[in-house]
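# Examining the three-dimensional arrangement
Here are the chains, one letter per residue:
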Amino acid sequence: MAERQATIASASGLHARPAKLFVQAVQEKKVPVTIAADGGPDLNAGSILSLMGLGAGHGTVVTLKAEGEGAEQALEELVALLETDLDAQ
């Protein structure tokens, strides 16, 4: 299992467009990925409902975990995505 932390850069956090872009990226990775904020439970990072329920805003530190072949690479790319202001794209 691979694990990484990321700080949400999008001004609106993981809501609306940033959440949709992140979910699309997770689904493209083809590995199970979870996300948690502030020591909370691990949630399915490929679910828009999970992300919206996470309530992660700008500056929130989240923990991503992934399993399987390609997990390390997937997390590197997902961390880079979260640390980019997706609202500005």
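Analysis parameters
Residues numbered from 1 in each chain as written. Predicted model: local features only at pLDDT ≥ 70, side-chain atom pairs only at ≥ 80, totals over all residues. Heavy atoms only, no water. Helix = DSSP H or I, 4+ residues; strand = E, 2+ residues; numbered from the N terminus. Rg over C-alpha atoms; globule rule 2.2 N^0.38 Å. Buried < 20%, exposed > 50% of the residue type's maximum accessible area, 1.4 Å probe, protein only. Contact = heavy atoms within 4.5 Å. Areas by Shrake-Rupley, 256 points an atom, 1.4 Å probe, with all protein chains shown as cover. Lys, Arg positive; Asp, Glu negative; His and termini not counted. Charge placed at Lys NZ, Arg CZ, Asp CG, Glu CD. Pairing = 2+ DSSP bridges. Patch = residues over 30% accessible without salt bridge, like charges linked within 9 Å, V, L, I, M, F, W, Y side chains within 5 Å. Salt bridge = Lys/Arg side-chain N within 4 Å of Asp/Glu carboxyl O.

A separate point is the overall build of the protein. A tally of helices and strands in the protein yields 3 helices and 4 strands. Across the protein, helices and strands are ordered from the amino to the carboxyl terminus as β-α-β-β-α-β-α. For 89 residues, the compact-globule estimate of 2.2 N^0.38 gives 12 Å, and the protein sits close to it at 11 Å. Reported as C-alpha extents along the three principal axes, the dimensions of the protein are approximately 30 × 25 × 20 Å. For the protein, the proportion of its 89 residues judged to be buried stands at 40%. When contacts within the protein are restricted to residue pairs at least 6 apart in sequence, those whose partners lie at least 24 apart make up 73%. Taken as a whole, the protein presents about 4600 Å² of accessible surface, with 50% of it coming from carbon and sulfur. Taking the average location of the 6 positive side-chain charges in the protein and that of its 12 negative ones, the two points are 7 Å from each other.

Note that strand β1 (residues 2-7) and strand β4 (residues 61-66) share 6 bridges and pair antiparallel. For Ala6, the partnering residue across the bridge sits in β4 and is Val62. By the bridge criterion, 5 bridges tie strand β2 (residues 33-37) to β4 in an arrangement that is antiparallel. Bridge assignment links Val33 to a residue of β4, and that residue is Ala66.

Buried residues dominate β2, accounting for 4 of its 5 residues. As judged from the 2 bridges shared by β2 and strand β3 (residues 43-44), these two strands associate in the antiparallel manner. Looking across to β3, one finds that Ile35 is bridged to Leu43. Connecting β2 to the next strand, β3, in antiparallel fashion are 5 residues, including Asp38 with a positive phi near 50 degrees.

Looking at the secondary structure, you find Thr60 in the loop between α2 (48-54) and β4. The exposure class of Thr60 is buried, given its relative accessible area of 16%. Sequence-distant contacts of Thr60, defined by excluding residues within four places in its chain, comprise Ala6, Thr7, Ile8 and Ala37.

Taken together, the side chains of Ile48, Leu49 and Met52 make up a nonpolar region of the molecular surface, amounting to roughly 280 Å² of accessible area. Positionally, Met52 belongs in helix α2. The class of Met52 is partly exposed, set by a relative accessible area of 36%.

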